[in-house]
Amino acid sequence: MAQEQKPEFNVRYSDEELQEFKAIILDMLEKARAEYKTLRATMTRSDSNDIDDTAPSFKAMEEGAATLSKEETGLLVQRQYKFIQSLEAALVRIENKTYGVCRVTGKLIPKERLRLVPHATLTIEAKEMLNKKNGVK
């Protein structure tokens, strides 16, 4: 009979390691949600008591700058929302015990990478491979 072969890499992180990552993600999620709330308030000016919305329309240059600033804030709000969604998806992967497994190679993403980018779903190797395939430098 053929001997059962062990995979050359771990298939998943231990429950203890997953709990460590969960704590990191929950901390980041709390901060990200607070920043999102602040950005949304800035964009909607819900925390403002000034007279910006009643300013005379002849201040075209100032209005242009305000519009640009509002557009930039809108982009930041979208980016922050996407980041929050990524962190929430990482929590789901922790619950499913698939967290930290590269979606391309099936190898474990290094702990150091996950501590810095806890929502990562690719190893650096897989990311570089995909970038080459897609022509991204």
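Along each chain, residues carry numbers from 1 onward, in the same order as the chain's sequence is written. Predicted model: local features are reported for residues with pLDDT of at least 70 only, side-chain atom pairs are reported and counted for 80 or more only, and whole-chain, interface and lining totals are derived from all residues. Derived side-chain values reflect all non-hydrogen atoms in the structure, with water molecules and hydrogen atoms excluded from consideration.

Participant: Just to check I follow, could you spell out the packing of aromatic side chains for this structure?
Facilitator: Here a pair means two rings of Phe, Tyr or Trp (six-membered ring of Trp) with centres within 6.5 Å. Their orientation is stacked below 30 degrees between planes, edge-to-face above 60, and tilted elsewhere. Taken as a whole, this structure holds three aromatic pairs when the rule is applied. Both rings, one in Tyr13 and one in Phe21, keep their centres 5.3 Å apart while their planes meet at 65 degrees; by these two values the pair is edge-to-face. Aromatic pair Phe21 and Tyr99: ring centres 5.2 Å apart, planes at 50 degrees, arrangement tilted. Taken together, the positions of Phe21 in helix H1 (residues 15-44) and Tyr99 in the loop between helix H2 (60-96) and helix H3 (111-116) put the pair 78 residues apart, joining distant regions of the chain. For every residue, the accessible area (1.4 Å probe, protein chains only) is compared with the maximum for its type, and the residue is labelled buried under 20%, exposed over 50%, or partly exposed between those bounds. Under the relative-accessibility criterion, Tyr99 is labelled buried at 0%. Members of the aromatic cluster, connected to one another through ring pairs, are Tyr13, Phe21 and Tyr99. Strands are runs of DSSP state E lasting at least two residues, helices are runs of H or I lasting at least four, and both sets are numbered from the N terminus onward.

Participant: Sorry if this is basic, but what is going on with the pattern of salt bridges here?
Facilitator: If charged atoms from side chains of opposite charge come close, those side chains can pair. Salt bridge, as applied in this entry: a Lys or Arg side-chain nitrogen positioned within 4 Å of an Asp or Glu carboxyl oxygen. Summed over the entire model, instances satisfying the criterion amount to eight salt bridges. For Lys111, the salt bridge is made with Glu17, and the minimal N-O distance between the two is 2.5 Å. Here Lys111 is found in helix H3, whereas its partner Glu17 is found in helix H1, with 94 residues between them in sequence. Note that Glu125 is salt-bridged to Lys107, the shortest N-O span being 3.7 Å. Of the two residues, Glu125 sits in helix H4 (residues 124-133) while Lys107 sits in the loop between H2 and H3, which places them 18 residues apart along the sequence. For Glu125, a relative accessible area of 45% gives the class partly exposed. Using a relative accessible area of 28% as the deciding quantity, one classes Lys107 as partly exposed.

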